[in-house]
Amino acid sequence: MKRKGHIENANKKNFEDAFYGYSEGKHYRNEVQAFEKNLEENLQLLLDAYVGKSWKTSPYQSKEVFKPKHRIVHSSPVPDHVIQWASVLPIEMWLFDTIFHRAPACVPGKGTHHFVYQERDELRKYSQQELYYTVQLDVHHYFEYINHELMKNRIRKKIKDPVLLHFIDEFIDSFQDGLVLGVKLSQLLSGLYLSPFDRSALKCFGLQENLKLFKHWQDIYVTNSFNTCRTREQALELAKGVEYLNKKFERFVNEGLQHYSRFADNIVIKHQDKTFLHIMVRLAISNLKKDYKLEVNKSWNVRPTWMGNDVCGYVFFHEYVKLRKRNKKSLCRQVAKLRKKGYSEEDISLKTASRVGFASHADTKNLMNKLNMEKRLGKVIRKRKRKAPFAGMKPDQKRSIETIVCTPFDSEDAKLIRLIDYNVQDSIISNNDDGSPKQRIAIRYNICTYVEHPEEEGGQTIYTWSEQEFYSFSGSKVMIDQATNDFTKDDLPIATVVKEFKNAHNKKFYKFT
């Protein structure tokens, strides 16, 4: 493959495209807005630093996360993201084209669910006999252990532009151990790092080209085939003789690993022969350690595909795909918790949308039915017949109570409402222990769009209210008690805030203030 020489990335248009590419969906962030206020000047500074080779990556801000597992992630300021985008933007797709198509983790538009469909379709296409065994190898702390010198050599086999190479070298060395997790350039480089390994795996790690190595592993294959014989079918296979086993091994090597795939640090290999697959695993682990300075977690195990292959949050079988157990339990617990708090089905759907969306890529029809979250014609009809709790209002004026709740981190001015009307009624979704319906409060209100506080002492605060009215429901006992005992409809309309508090047991509750 011919290396890329001079790359047309040191121009204002490229840096503008890099900013708008990075900031897509992020314009609400304060740091992005601040950068955009002086966009021309900021981009020119980045361009000058890139061309003059004077750019230094800013110190990373670290943060610990504990779900789904403990790890340390890092963040960078906006200028770092923009200049990193700009450095590789013109050749990005060309670099992605050099990555093995069944290793899609870092390629735009080919993320987790592309890999999920790829694995699902492969198992459905081939029979149990053709893909009887599978193994999953998990590289230990992949990003953390990417070797800097090997990474620099790898990128030099793709490009030779001296300015870009200087920039990438500085970026690689800006993080002490491996590559920083969560940055676009790291994702691209991590895909390139193991790309030669992918192609080597497809050819059984060079056994065809090395006759001495081929004979060594062929002898091991024959020996292990006899040592691991457990069933009558295997015994009948061995009865065909050593010559048959030698030719069988040769055929497997010539075919290569046709069912190899990788998602970032997860390597999945499927094969019909368990002994041959064990040999490929040993070669893969050895190759990763020797040529890439990477270790594989010792939890790997060659197992039949009918037992399921757990990867990327799903468990793959030949006939169907299941949701990983902990993901299923998390969804069920969240739905149960929200229903216990008295949320409507519409609000529950909104709050669980990400988990439900993730589950929808597996065969989870029964799970959705059990959670009563499957879209049914009857539900659609009932939704159309739904009535608002106040005369003259429509169902599409309903908003979740959480959109107006003032948490300890919110400004009260930003959460002000004008309470116009209210009523206390029986809940249609929650019951008490004795079977009787719980109570809920429905409130009708406007939202404050502007508030002006007087400068002089004793002056009157001025509110500006939106013309549009909304209504919300809440099962808060405190709010119901306030509406029943502390004030009446004669006090309305009046400005108020629905504020969040915590009791002595650290339980949240809402209250009019």
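Residues numbered from 1 in each chain as written. Predicted model: local features only at pLDDT ≥ 70, side-chain atom pairs only at ≥ 80, totals over all residues. Heavy atoms only, no water.

Here we come to the state of the cysteines. Following the criterion strictly, the structure yields zero disulfides and no others. Here Cys 312 stays free of any disulfide, with the sulfur of Cys 106 as its closest cysteine sulfur at 14 Å. Cys 406 supplies the cysteine sulfur nearest to Cys 448, a cysteine that is in no disulfide, at a spacing of 12 Å. Cys 448 sits in the buried class, given a relative accessible area of 10%. (Disulfide = S-S within 2.5 Å. Buried < 20%, exposed > 50% of the residue type's maximum accessible area, 1.4 Å probe, protein only.)

Taking 1.5 Å of rise per residue, 13 residues should cover 18 Å, and helix 3 (residues 39–51) covers 18 Å from first to last C-alpha, within 8% of that figure. Among the residues of helix 3, Leu 39, Asn 42, Leu 43, Leu 46, Leu 47, Ala 49 and Tyr 50 are the ones counted as buried. End-on, the buried residues of helix 3 take up no more than an arc of 165 degrees, which puts them together on one face. The outward face of helix 3, more than 90 degrees from its buried face, is lined by the exposed residues Glu 41 and Leu 45. Buried residues belonging to helix 3 abut helix 1 (12–23), helix 2 (30–37), helix 4 (78–88) and helix 8 (162–173). Taken from the residues just after helix 3, Lys 53 is the one with a positive phi, measuring 55 degrees. (Helix = DSSP H or I, 4+ residues; strand = E, 2+ residues; numbered from the N terminus. Expected span 1.5 Å × (residues − 1). Arc of directions from axis to C-beta. Contact = heavy atoms within 4.5 Å.)

We now examine the pattern of salt bridges. Per the counting criterion, the structure on display carries 24 salt bridges. For Glu 92, the salt bridge identified is with Lys 184, shortest N-O distance 2.4 Å. A residue pair is termed long-range when its members are at least 10 positions apart, and Glu 92 in helix 5 (residues 92–97) and Lys 184 in helix 9 (residues 184–193) qualify at 92 residues. Lys 184 gets classed as partly exposed once you look at its relative accessible area, which sits at 24%. Close ionic contact of Lys 270 with Glu 119 constitutes a salt bridge, the shortest N to O distance being 2.7 Å. Of the two residues, Lys 270 is situated in strand 5 (residues 266–271) and Glu 119 in helix 6 (residues 112–125); the sequence distance between them amounts to 151 residues. (Salt bridge = Lys/Arg side-chain N within 4 Å of Asp/Glu carboxyl O.)

On the secondary structure map, Leu 331 appears in helix 15 (residues 325–340). For the pair Leu 331 and Arg 355, spaced 24 residues apart in sequence, the C-alpha separation works out to 6.3 Å. In contact with Leu 331, not counting residues within four places along its chain, are Thr 352, Arg 355, Val 356, Ala 359, Leu 367, Met 368 and Leu 371.

Turning next to the confidence of the model for the chain. For the chain, the mean per-residue pLDDT works out to 88, and 96% of the residues sit at or above 70. Taken element by element, the predicted model of the chain shows its lowest mean pLDDT in helix 19 (residues 377–385) (54) and its highest in helix 14 (residues 274–292) (95). (pLDDT = per-residue confidence, 0-100.)

Any aromatic ring pair is given by two values, namely how distant the centres are and how the planes are angled relative to each other. For the coordinates displayed, the defined rule picks out 26 aromatic pairs. Arranged with centres 5.4 Å apart and planes meeting at 40 degrees, the rings of Tyr 221 and Phe 249 form a pair that is tilted. Remark: Phe 249 occurs in helix 13 (residues 242–255) and Tyr 221 occurs in helix 11 (residues 211–227); sequence separation between them is 28 residues. Each member of the pair, Tyr 221 together with Phe 249, is buried. Aromatic rings pair up to connect Phe 100, Tyr 193, Phe 197, Phe 205, Tyr 260 and Tyr 292 into one cluster. Above the ring of Tyr 193, the side-chain terminus of Arg 154 is found at 5.6 Å from the ring centroid. One cation-aromatic arrangement involves Arg 440 over Phe 473; the distance from NZ or CZ to the ring centre is 3.9 Å. (Phe/Tyr/Trp six-rings, centres within 6.5 Å; stacked < 30°, edge-to-face > 60°. Lys NZ or Arg CZ within 6 Å of the ring centre and 35° of its normal.)

Along the polypeptide, Cys 204 turns up in the loop between helix 10 (195–202) and helix 11. Along the backbone, Cys 204 and Leu 283 are 79 residues apart, and their C-alpha atoms lie at a distance of 8.3 Å. Beyond its immediate sequence surroundings of up to four residues, Cys 204 is in contact with Phe 252, Val 253, Gly 256, Leu 257, Phe 276, Met 280 and Leu 283.

Before going further, it helps to spend a moment on helix 9. Judged by how many residues are buried, helix 9 sits mostly within the fold: eight of ten residues are covered. Every buried residue belonging to helix 9 is among Leu 185, Ser 186, Leu 188, Leu 189, Ser 190, Gly 191, Leu 192 and Tyr 193, and all of these are buried.

Attention now moves to a positive patch on the surface. A cluster of basic residues, Lys 337, Lys 340, Lys 341, Lys 438, Lys 477, Lys 502, Lys 507 and Lys 508, forms a positive patch at the surface. Inspection of the secondary structure puts Lys 340 in helix 15. (Patch = residues over 30% accessible without salt bridge, like charges linked within 9 Å, V, L, I, M, F, W, Y side chains within 5 Å. Areas by Shrake-Rupley, 256 points an atom, 1.4 Å probe, with all protein chains shown as cover. Lys, Arg positive; Asp, Glu negative; His and termini not counted. Charge placed at Lys NZ, Arg CZ, Asp CG, Glu CD.)

Here we come to the side chain of Thr 98. As for its placement among the helices and strands, Thr 98 is situated in the loop between helix 5 and helix 6. The exposure class of Thr 98 is buried, given its relative accessible area of 11%. There is a polar contact of 2.6 Å between the side chain of Thr 98 and the backbone oxygen of Leu 95. (Polar contact = N/O pair within 3.5 Å; in protein donor to acceptor, adjacent residues only side chain to side chain.)

A few words on the sheet that holds strand 8 (residues 314–316). The antiparallel open sheet is built from three strands, whose spatial order is 7-8-9. Edge positions in the sheet fall to strand 7 (309–311) and strand 9 (321–323), since each of these pairs with one other strand and no more. On average, each strand axis in the sheet is tilted by 30 degrees relative to the strand beside it, whichever way the strands run. Here three bridges tie strand 7 to strand 8, and the two strands are oriented antiparallel to one another. (Pairing = 2+ DSSP bridges. Axes fitted to C-alpha atoms, helices over the stretch in contact; angles between N-to-C directions.)

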